[in-house]
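Residues per chain, in single letters:
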Amino acid sequence: MAYVVTSSCVKCKYTDCAEVCPVDAFREGKYMLYIDPAPCIDCNACVPVCPVNAIYDGEKVPESEKEYIALNAEMSLLPFEKVPIIGSDGKKDPLLTARKIDEIKANPLEKLLALQLARETL
Ligand code: F3S
């Protein structure tokens, strides 16, 4: 199963993941990136470079993050004008709201709000 971007990406968008993807599988929303499951080759390159541990092997997504499996797939079906591909040359500064992993873990309520923001397109 393809890899999946989950709630820790929301309001962060560090984009290190897109930079290392060999098949340009990442798509960009307003507050997070998604992995298009069609081109993803399960290479694992993106997992260790995400500063907030937002990416999981699709088979190992935590129970509390399972909705993001469908979300990544659904958002990747939207037109490129709304959810463009972000390729290996697409590294950007993180959002001003980006946090560190400890800050994210300290506020579990953010996970609930994240799912709403996760569907916002550019
Ligand atoms: Fe998001 Fe981590 Fe990539 S914060 S944009 S999944 S490097």
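Refer to the structure above for everything that follows.
These numbers were taken from a predicted model, which means no experiment stands behind them.

1. Looking at the overall build of the protein chain
On a plain count of helices and strands, the protein chain comes out with four helices and four strands. Listed by position from the N terminus, the elements making up the protein chain come as β-α-β-β-β-α-α-α. Rg of the C-alpha trace for the protein chain: 13 Å, near the compact-globule value of 14 Å for 122 residues, within the 12% margin. Taken over the C-alpha atoms alone, the protein chain extends approximately 35 × 30 × 25 Å along its principal axes. The 122 residues of the protein chain split such that 35% are buried. Taking all contacts inside the protein chain whose residues are at least 6 apart in sequence as the whole, residues at least 24 apart take part in 80%.

2. Description of helix α2 (residues 67–75)
Looking at α2, one finds that the buried residues are Y68, L71, N72 and M75. On an axial view of α2, the arc spanned by its buried residues comes to 100°, and they lie on one face. Of the residues in α2, the exposed ones pointing more than 90 degrees away from the buried face are A70 and E74. Residues of α2 that are buried sit in contact with β1 (3–5), β2 (26–28) and β3 (33–35).

3. Topic: the environment of K30
Here K30 is to be found in the loop between β2 and β3. K30 gets classed as partly exposed once you count the C-beta atoms within 10 Å, which come to 16. Taking the C-alpha atoms as reference, K30 lies 16 Å from R99; in sequence the two are 69 residues apart. Leaving out residues up to four positions away in the same chain, K30 has contacts with E120, T121 and L122.

4. Quick look at the environment of A45
In this structure, A45 sits in the loop between β3 and β4 (55–57). Separated by 28 residues in the primary sequence, A45 and A73 place their C-alpha atoms 19 Å from one another.

5. A few points about unusual backbone geometry
Phi at K13 is positive, roughly 50°, even though this residue is not glycine. Looking at K13, the number of C-beta atoms within 10 Å reads 23, which means it is buried. A positive phi angle is found at T15, which is not glycine, with a value near 65°. Within the element layout of this structure, T15 appears in the loop between β1 and α1 (16–20).

The rules we used
- Residues numbered from 1 in each chain as written.
- Predicted model: local features only at pLDDT ≥ 70, side-chain atom pairs only at ≥ 80, totals over all residues.
- Helix = DSSP H or I, 4+ residues; strand = E, 2+ residues; numbered from the N terminus.
- Rg over C-alpha atoms; globule rule 2.2 N^0.38 Å.
- Buried ≥ 20, exposed ≤ 12 C-beta atoms within 10 Å, placed from the backbone.
- Contact = placed C-beta atoms within 7 Å.
- Arc of directions from axis to C-beta.

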